[in-house]
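Residues per chain, in single letters:
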Amino acid sequence: MWRRLGVLDLIRIGLLALGLVFVATGLLPWEDAAESLDDIGPLLVFLVAIIVLAELTKEAQVFDAIAARMAVLGRGNYTALFFLCTAFASFITIFLNLDTTAVLLTPVMLALAPRARIAPLPLAMTTIWLANTASLLLPVSNLTNLLGMEKIGLDAQEFAARMWAPQIASIAVTMAFLWAFYWRRGERRDLRYTPPVLEPVADRVLFAVASAGCLLFIAMLLLKAHVALAATAAAAIVAGAFLLRARERLTWSLIPWQLVIFVTGLFLVVPTLSRHGLSDLMTWMIGTQGDPYRTAAVGAGLSNVINNLPAYQAVETVIPPVDQDHLLALLAGTNVGPVVTPWASLATLLWFESCRRHDVTVPMRRFLLTGTGLAVVGLVATVWALVEFG
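Everything quoted here is computed from the prediction, not taken from an experiment.

What to know about the side chain of Asn304
- Mapped onto the elements of the fold, Asn304 is located in helix 12 (residues 292–306).
- For Asn304, a relative accessible area of 11% translates into the label buried.
- Of note is the side chain of Asn304, whose polar atom sits 3.1 Å from the backbone nitrogen of Val340.
- Not counting residues within four places of it along the chain, the set of residues in contact with Asn304 comprises Gly337, Pro338, Val339, Val340, Thr341, Trp343 and Ala344.

Take a look at the structure:
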């Protein structure tokens with residue numbers, strides 16, 4: 001079993017083990033540990049349910065069908081395809097979580113590339129950049145949003161009302177960078193692409209049920225249902241259809257145990273470190289003047305050094321609940337900023353693995369430099385929109 005575990009798996013297990021050691025030795029009191037785990041219980045339910053829903057939706061070929069039809073709709077025109085792909089990736093990120101875009105949409109887009117004779121790198125960069133920068137609008141878009149919802153004190157619709165302008169700004173900047181550095185004529189190999197031949201889905205019933213399940217999830221969110229309840233209901237319906245028609249596809253591998261372990265360990269380790277000096281360091285870094293640009297910059301910088309989830313968790317602890325603007329600025333930093341280093345977000349780590357499996361080479365120097373530019377410009381534009389329109 002240990003030989004089958006990758007380096008990232010061992011890091012996740014090690015993080016959980018370290019957290020348990022902190023509890024066992026009293027560095028983190030049992031009461032604090034129980035409270036922390038109680039806080040993330042609904043988040044873990046949502047995380048498991050949304051990943052299962054997305055995995056089964058992919059198995060039902062919903063994403064494949066949409067991607068292929070986008071390529072056909074573009075009629076060989078790269079500009080049209082660019083707008084269709086950015087809209088699709090943004091929609092999936094906003095409503096089905098950034099990990100769905102990075103983990104499930106990426107292989108769909110990369111599989112489409114050879115069929116339509118499209119250069120794969122522009123498609124790959126579209127999914128990973130928008131997986132991060134398009135994750136501001138709804139609580140379900142990013143786990144960091146869900147982590148902060150209780151402290152921020154907004155429901156989903158109120159959150160969207162505050163974040164619509166920052167979300168538009170971050171997507172607009174991302175599209176500009178994608179076109180300039182990956183999609184324009186000089187950065188791809190052909191003037192036009194070849195629209196693929198549409199293929200029928202293998203099981204129309206599963207396709208229909210999976211599509212309905214995703215729409216149900218979105219509808220329940222609009223009706224202000226709890227995200228864990230909405231995701232669980234939608235996943236249960238789709239899983240039921242697979243149980244009746246394709247039981248062999250319901251395997252334990254659908255459960256994202258790696259993410260569950262990582263998040264659980266994170267909520268034990270970060271509170272311990274915060275009790276023993278980390279909070280003082282975070283207070284010094286964000287300052288006492290309440291500058292949203294500085295708060296966002298600290299969140300983005302830490303995300304690219306240690307990953308956005310622990311970065312958000314560490315900084316959030318020193319921001320008062322009444323300081324809603326700076327909590328939202330921190331979310332902007334930890335959502336839009338993690339586009340520089342390969343480990344800045346879980347989505348980016350999983351995306352790199354997907355690119356490796358599809359033999360897509362990602363030029364690291366180009367990735368770092370363009371990501372740095374996007375992080376700086378995107379963050380300034382996003383925080384400006386938050387301040388001006390929030």
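Some details on the pattern of salt bridges
- In total, this model carries four salt bridges according to the counting rule given.
- Here Asp32 and Arg275 are joined by a salt bridge, their closest N and O atoms 3.0 Å apart. One end of the pair, Asp32, is in helix 2 (residues 30–59); the other, Arg275, is in helix 11 (residues 257–286), and 243 residues separate them in sequence.
- By relative accessible area, Arg275 is classed as partly exposed at 47%.

With respect to the packing of aromatic side chains
- Across all of its chains, the model carries 13 aromatic pairs by this definition.
- Aromatic pair Phe91 and Phe95: ring centres 4.8 Å apart, planes at 45 degrees, arrangement tilted. Of this pair, Phe91 and Phe95 both sit in helix 4 (residues 78–96), four residues apart, roughly one helical turn.
- Residue class for Phe91 comes out partly exposed when judged on its relative accessible area of 40%.
- Seen in terms of ring centroids, Phe177 and Phe181 are 5.6 Å apart; in terms of plane orientation they differ by 35 degrees. Their pairing is tilted. Taken together, the residues span about one helical turn, with Phe177 and Phe181 both in helix 8 (residues 156–183) at a distance of four residues.
- The buried category is assigned to Phe177, whose relative accessible area is 13%.
- What links up through ring pairs into an aromatic cluster is the set Tyr78, Phe82, Phe83, Trp179, Trp183 and Tyr193.

Description of the environment of Val318
- Mapped onto the secondary structure, Val318 falls in the loop between helix 13 (308–316) and helix 14 (324–336).
- In this structure, the C-alpha to C-alpha distance between Val318 and Pro42, residues 276 residues apart in sequence, is 23 Å.
- Discounting residues that sit within four places of it in the chain, Val318 has contacts with Ser279, Met282, Thr283 and Ile286.

Focus on unusual backbone geometry
- In this model, Gln61 sits at a positive phi of 70 degrees, which is unusual for a non-glycine residue.
- For Gln61, the location among the structural elements is in the loop between helix 2 and helix 3 (62–74).
- Within the chain, Arg75 stands out as a residue other than glycine whose phi angle is a positive 55 degrees.
- Checked against the element boundaries, Arg75 lands in the loop between helix 3 and helix 4.

Side note on the nonpolar core
- Grouped together as the largest cluster of nonpolar side chains are 134 residues, with contacts concentrated most on Phe46, Met125, Trp129, Trp183, Phe217 and Trp351.
- Sort the elements by how many residues they give to this core and helix 2 lands first, with 13 residues.
- Residues contacting Phe217, with those up to four places away along its chain left out, are Phe46, Ile50, Leu53, Phe95, Leu96, Val140, Val227, Ala230, Ala231 and Ala234.

A look at helix 4
- Between its first and last C-alpha, helix 4 extends 26 Å over 19 residues, near the 27 Å set by a 1.5 Å rise per residue.
- Measuring from the backbone nitrogen of Thr79 back to the side-chain oxygen at the start of helix 4 gives 2.8 Å, which picks out Asn77 as the cap.
- One or two positions beyond helix 4, positive phi appears at Asn97, with a value near 85 degrees.

Structural notes on the packing of helix 4 against helix 9 (residues 204–222)
- For the pair helix 4 and helix 9, interaxial distance at closest approach is 10 Å and the crossing angle is 60 degrees. Here helix 4 is positioned oblique relative to helix 9, judged by the angle of their axes. The residues of helix 9 that touch helix 4, namely those facing Phe91, Phe95 and Leu96, are Cys214, Phe217 and Ile218.
- Of the residues assigned to the contact of helix 4 with helix 9, the class counts are six nonpolar, no polar and no charged.

Looking at a negative patch on the surface
- Among the surface-exposed residues, Glu35, Asp38, Asp39 and Glu150 lie close enough to one another that they form a single negatively charged patch.
- In terms of residue count, helix 2 provides more of the negative patch than any other element does, three residues in total.
- Looking at the secondary structure, you find Asp38 in helix 2.

Regarding a nonpolar patch on the surface
- Judged by side-chain polarity, Trp164, Ile168, Tyr293, Val376, Val377, Val380, Trp384, Val387 and Phe389 come together as a nonpolar surface patch covering roughly 870 Å² of accessible area.
- Secondary-structure elements contributing two or more residues to the nonpolar patch are helix 8 and helix 16 (364–389).
- Looking at the nonpolar patch element by element, the count peaks at six residues for helix 16.
- One can find Val377 in helix 16.
- Overall, the relative accessible area of 40% leaves Val377 in the partly exposed class.

Some points on helix 2
- Taking 1.5 Å as the rise per residue, helix 2 with 30 residues should run 44 Å; its terminal C-alpha atoms sit 42 Å apart, in good agreement.
- Helix geometry: helix 2 is bent most strongly at Gly41, by close to 35 degrees, with proline Pro42 lying one to four residues after it.

Remarks on the UniProt feature "transmembrane region" (unreviewed entry) in the chain
- Taking the numbering used here, the UniProt-annotated feature "transmembrane region" (unreviewed entry) corresponds to residues 7–28, 40–57, 78–98, 159–181, 201–222, 227–244, 250–273 and 367–387.
- Between the C-alpha atoms that bound residues 40–57 the distance is 25 Å, and the span itself is 100% helix and 0% strand.
- Within residues 250–273, the helical portion is 71% and the strand portion 0%, while the C-alpha atoms at the span's ends are 39 Å from each other.

Thresholds, definitions, all that
Residues numbered from 1 in each chain as written. Predicted model: local features only at pLDDT ≥ 70, side-chain atom pairs only at ≥ 80, totals over all residues. Heavy atoms only, no water. Helix = DSSP H or I, 4+ residues; strand = E, 2+ residues; numbered from the N terminus. Buried < 20%, exposed > 50% of the residue type's maximum accessible area, 1.4 Å probe, protein only. Polar contact = N/O pair within 3.5 Å; in protein donor to acceptor, adjacent residues only side chain to side chain. Contact = heavy atoms within 4.5 Å. Salt bridge = Lys/Arg side-chain N within 4 Å of Asp/Glu carboxyl O. Phe/Tyr/Trp six-rings, centres within 6.5 Å; stacked < 30°, edge-to-face > 60°. Core = buried A, V, L, I, M, F, W, Y, C linked by side-chain atoms within 4.5 Å. Expected span 1.5 Å × (residues − 1). Axes fitted to C-alpha atoms, helices over the stretch in contact; angles between N-to-C directions. Parallel < 35°, antiparallel > 145°, perpendicular 65-115°, else oblique. Nonpolar A, V, L, I, M, F, W, Y, C, P; charged D, E, K, R; others polar. Patch = residues over 30% accessible without salt bridge, like charges linked within 9 Å, V, L, I, M, F, W, Y side chains within 5 Å. Areas by Shrake-Rupley, 256 points an atom, 1.4 Å probe, with all protein chains shown as cover. Lys, Arg positive; Asp, Glu negative; His and termini not counted. Charge placed at Lys NZ, Arg CZ, Asp CG, Glu CD. Bend = angle between axes of the 7 residues up to and from the residue. UniProt positions renumbered as here; feature names shortened; annotations may be inferred.

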